Amino acid sequence: MDGCLFCEIALKKRPAEVVSETDEAVVFKDANPKTRVHLLIVPKKHIASVSDAGDDDRAMLGGLILAARDAARREGLAGYKLMFNVGRDGGQVIDHIHLHLMGN
Ligand code: 5GP
Ligand code: ZN
């Protein structure tokens, strides 16, 4: 979507520290990390938030969790947090679905 920061990163129109990529998602370092390892798992498809996802997004959304699992393994994390912020009241600032992977 035009003007969407995370669409631009996913389409390589804007730089980011990308650590991995699948057909459906990119994984990159959060610019303002809150933990030692703080990655964002971002689908290439623009969907504003989890509350805007449809039933046909089920597999893609599951893929985000597995991409996070793989990234955590590569980082050597034994434990970590996975978090979706949903909507302004849920702390979401960027209106393109993203899964936070956080670990120390
Ligand atoms: P939210 O609060 O929407 O769930 O999280 C947005 C996250 O995106 C924040 O943790 C913030 O640090 C990160 N972020 C915002 N702008 C950029 C950017 O341009 N590049 C990267 N890599 N991360 C960003
Ligand atoms: Zn977008």
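Residues numbered from 1 in each chain as written. Chains lettered and ligands numbered in written order. Predicted model: local features only at pLDDT ≥ 70, side-chain atom pairs only at ≥ 80, totals over all residues. Heavy atoms only, no water.

### Regarding the packing of aromatic side chains
Our working definition: In summary, the pairing rule links any two rings of Phe, Tyr or Trp, Trp by its six-membered ring, whose centres are within 6.5 Å, and it sorts them by plane angle into stacked for under 30 degrees, edge-to-face for over 60 and tilted for everything else. A helix here means a DSSP run of H or I that spans at least four residues, while a strand means a run of E at least two residues long, and both kinds are numbered starting from the N terminus.
Counted under the stated rule, the structure contains 1 aromatic pair. Taking 5.4 Å as the distance between ring centres and 80° as the angle between the ring planes, the aromatic pair formed by Phe6 and Phe28 counts as edge-to-face. Taken together, the residues Phe6 in helix H1 (residues 5-10) and Phe28 in strand E2 (residues 25-29) connect sequence positions 22 residues apart.

### Description of the site of ligand 1
Put simply, the test is: For each residue, the test is whether any non-hydrogen atom lies within 4 Å of the molecule or strand; if one does, the residue is near. Here a polar contact is recorded for every N or O atom pair within 3.5 Å, except that within protein the pair must consist of a potential hydrogen donor and a potential acceptor, and residues adjacent in sequence are included only if both atoms are side-chain atoms. To measure how exposed things are, a 1.4 Å probe is used in the Shrake-Rupley method; for residues, cover is taken only from the protein chains shown. Of the two site types, the cavity is a set of points on a 1 Å grid over the protein atoms alone where a 1.4 Å probe fits but cannot get out, and the pocket is an open set with protein on both sides within 12 Å along at least five of seven lines, each lined by residues with an atom within 4 Å of a point. A cavity or pocket is said to hold a molecule if more than half of that molecule's atoms lie within 2 Å of its grid points. Here the term charged refers only to Asp, Glu, Lys and Arg, the term nonpolar to Ala, Val, Leu, Ile, Met, Phe, Trp, Tyr, Cys and Pro, and the term polar to all other amino acids, Gly among them.
Looking at ligand 1, there are 17 residues lining it, with Asp30, Gly91, Val93, His98 and His100 nearest. The separation between a nitrogen atom of ligand 1 and a polar main-chain atom of Lys29 is 2.9 Å. Across the complex, the protein chains shield 81% of the 520 Å² of accessible surface that ligand 1 would expose by itself. For ligand 1, the cavity whose grid points lie within 2 Å of the majority of its atoms is the largest pocket. For the shell around ligand 1, the class distribution of residues is 8 nonpolar, 6 polar and 3 charged.

### Side note on the coordination of the zinc ion (ligand 2)
As a reminder, the rule being used: Donor atoms (N, O, S) are those found within 2.8 Å of the metal centre, with the cutoff raised to 3.2 Å for Na, K and Ca; water is not part of the atom list, so apparent gaps in a site can occur. Think of it this way: with four donors and all angles in the 85 to 135 degree range, the site is tetrahedral; with four or six donors, opposite ones beyond 155 degrees and the rest between 65 and 115, it is square planar or octahedral; otherwise it is irregular. Exposed residues in this analysis have more than 50% of their type's maximum accessible area, buried residues have under 20%, and partly exposed residues fall in between, with area computed by a 1.4 Å probe over protein chains only.
Donor atoms from the polypeptide that bind the zinc ion (ligand 2) are Cys4 (SG), Cys7 (SG), His46 (ND1) and His96 (ND1), placed at 2.0 to 2.3 Å. In this structure, the zinc ion (ligand 2) is surrounded by 4 donor atoms whose angles at the metal cover 106 to 116°, and the resulting shape is tetrahedral. Spacing between the donor residues of the zinc ion (ligand 2) along their common chain follows C-x2-C-x38-H-x49-H. In this pair, Cys4 sits in the segment before H1 while His96 sits in the loop between strand E4 (81-83) and strand E5 (99-103), placing the two residues 92 residues apart along the sequence. One exposure class covers both Cys4 and His96, and it is buried.

### Notes on the layout of surface pockets
Threshold: Grid points are joined across faces, edges and corners, and a volume is the space filled by probe spheres set on the points.
One number sums up the size of the largest pocket: a volume of about 290 Å³. In terms of lining residues, the largest pocket is bounded by 18 residues, among which Phe6, Asp30, Ala31, Leu40 and Ile94 are the most central. When residues of the lining of the largest pocket are traced back to their parent elements, those giving at least two are H1 and E2. Here the lining of the largest pocket takes 3 residues from H1, the largest share from any one element. Looking at side-chain class alone, the lining of the largest pocket contains 9 nonpolar, 5 polar and 4 charged residues.

### As for the sheet that holds strand E1 (residues 18-21)
Where we set the bar: Two strands pair under a simple rule: DSSP has to find at least two bridges between them. Axis definition: a line fitted to C-alpha atoms, over the contacting stretch in the case of helices. Angles run 0 to 180 degrees between N-to-C directions.
Here we have 5 strands laid out as an open sheet, ordered E1-E2-E3-E5-E4, and antiparallel in their pairing. Looking at strand neighbours, the two that pair on one side only are E1 and E4, the edges of this open sheet. Across the sheet, the axes of successive neighbouring strands diverge by a mean angle of 20°, strand direction being ignored. The pairing of E4 with E5 spans 3 bridges and is antiparallel. Its bridge partner being in E5, Met83 is matched across the sheet by His100.

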